[in-house]
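# Inside the fold
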Amino acid sequence: MTEVATARRSRITPEREAELYGAVLDLLREVGYDALTMDAVAARTKSSKATLYRQWGGKAELVAKAVRHNKPGLMGPGEVDTGSLRSDLHALTLRSDDCEMEQNSALMRGLSMAIHGNPDLLRAFKEYLIEPEMAEFRRVLQRAIDRGEVRADNPAIDYVMHMMIGGFAARTLIDEQPPTQAFLLSYIDAVVLPALGA
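Not measured: the values here are computed from a predicted model.

Mapping Ser 47 onto the fold places it in the loop between α3 (38–45) and α4 (49–56). Engagement of the side chain of Ser 47 in a polar contact is seen with the side chain of Thr 45, the distance being 2.9 Å. In this structure Ser 47 touches Arg 16, Leu 20, Ala 42 and Leu 52, once residues within four positions along its chain are discounted.

This is the structure:
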């Protein structure tokens, strides 16, 4: 993070930041990304629009950071290291309960079109969500390689994130049900681990 970004963000308490992020997510669920305005966020949170721009730079960064803040998944406290790949992947999955997964799934469905139609939002999502999650998966997989659970030349290694997102997204599309812990744990065991030879 740059010094400017650090200085920008240091003026808001973590509690106030969480309150702002919650309001942003509520507005996203109510009106969607395209209709969400900084004016509406300012009104909902009793903030000035100037403060919001000073702290986050714009709507895309604010929305991406709000989604990241709300997503326990890989952004939870501490790094997961249980001693086995299966247990690590299960532990990462269990950071979100079924209710959170359903809310996150609905939110991401609503944001998916906006993400691909808005370069700033896509850039913010890559920086604040996708890249950190991919880095966490790489650490988990590297430990599995180091333990001898997965071969370093396994071609599926590069697609673990794709598999996980695919299972999460396809649950609603194919089964017309929200993703759940039970579904994702069975998906990891039936699809992800066999693909990795683990």
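This paragraph deals with the pattern of salt bridges. Enumeration according to the criterion identifies 15 salt bridges in this entry. When the shortest N-O distance is used, the salt bridge between Arg 151 and Asp 153 registers 2.7 Å. By the burial criterion, Arg 151 is exposed, and Asp 153 matches it. Of the charged contacts, one joins Asp 175 and Arg 171 as a salt bridge, the two residues approaching to 3.0 Å between their closest N and O atoms. One end of the pair is Asp 175 and the other is Arg 171, both in helix α9 (residues 160–175) and four residues apart, which spans about a single turn. Overall, Asp 175 belongs to the partly exposed group, its relative accessible area being 34%.

Turning next to the layout of surface pockets. Taken as a whole, the largest pocket holds about 1,000 Å³ of empty space. What lines the largest pocket is a set of 33 residues, and nearest its centre among them are Lys 71, Met 108, Glu 133, Ile 165 and Phe 168. At the level of elements, α6 (85–93), α7 (98–117), α8 (119–147), α9 and α10 (181–196) are the ones that each hand at least two residues to the lining of the largest pocket. Examining the composition of the lining of the largest pocket, we find that nine residues originate from one element, α7, more than from any other. The residue makeup of the lining of the largest pocket, split by class, is 21 nonpolar, nine polar and three charged. In this structure, the second largest pocket spans a volume of roughly 190 Å³.

Take helix α5 (residues 59–70) next. Here α5 is 12 residues long and its end C-alpha atoms lie 16 Å apart, about the 16 Å a rise of 1.5 Å per residue gives. The set of residues buried in α5 consists of Ala 60, Glu 61, Leu 62, Val 63, Ala 64, Lys 65, Ala 66 and Val 67.

Right, let's talk about the environment of Ile 157 for a bit. With respect to the element layout, Ile 157 can be found in the loop between α8 and α9. Taking C-alpha positions, Ile 157 is 28 Å from Ala 106, a pair spaced 51 residues apart along the chain.

As a further point, take the packing of aromatic side chains. Under the counting rule described, the total for this entry stands at two aromatic pairs. Relative to Trp 56, the ring of Tyr 21 lies with its centre 5.7 Å away and its plane at 65 degrees, an arrangement referred to as edge-to-face. Note that Tyr 21 is positioned in helix α2 (residues 14–35) and Trp 56 in helix α4, a separation of 35 residues in sequence. In this pair, the class of Tyr 21 matches that of Trp 56, namely buried. Ring geometry for Phe 183 and Tyr 187: centres 6.1 Å apart, planes at 25 degrees, overall stacked. In this pair, Phe 183 and Tyr 187 are both assigned in helix α10, four residues apart and thus about one turn of the helix distant. For the pair Phe 183 and Tyr 187, a shared accessibility class is recorded, and that class is buried.

What counts and what doesn't
Residues numbered from 1 in each chain as written. Predicted model: local features only at pLDDT ≥ 70, side-chain atom pairs only at ≥ 80, totals over all residues. Heavy atoms only, no water. Helix = DSSP H or I, 4+ residues; strand = E, 2+ residues; numbered from the N terminus. Polar contact = N/O pair within 3.5 Å; in protein donor to acceptor, adjacent residues only side chain to side chain. Contact = heavy atoms within 4.5 Å. Salt bridge = Lys/Arg side-chain N within 4 Å of Asp/Glu carboxyl O. Buried < 20%, exposed > 50% of the residue type's maximum accessible area, 1.4 Å probe, protein only. 1 Å grid on protein atoms, 1.4 Å probe; cavity = no way out; pocket = protein on both sides within 12 Å on 5 of 7 lines; lining within 4 Å. Points joined across faces, edges and corners; volume = space filled by probe spheres on them. Nonpolar A, V, L, I, M, F, W, Y, C, P; charged D, E, K, R; others polar. Expected span 1.5 Å × (residues − 1). Phe/Tyr/Trp six-rings, centres within 6.5 Å; stacked < 30°, edge-to-face > 60°.

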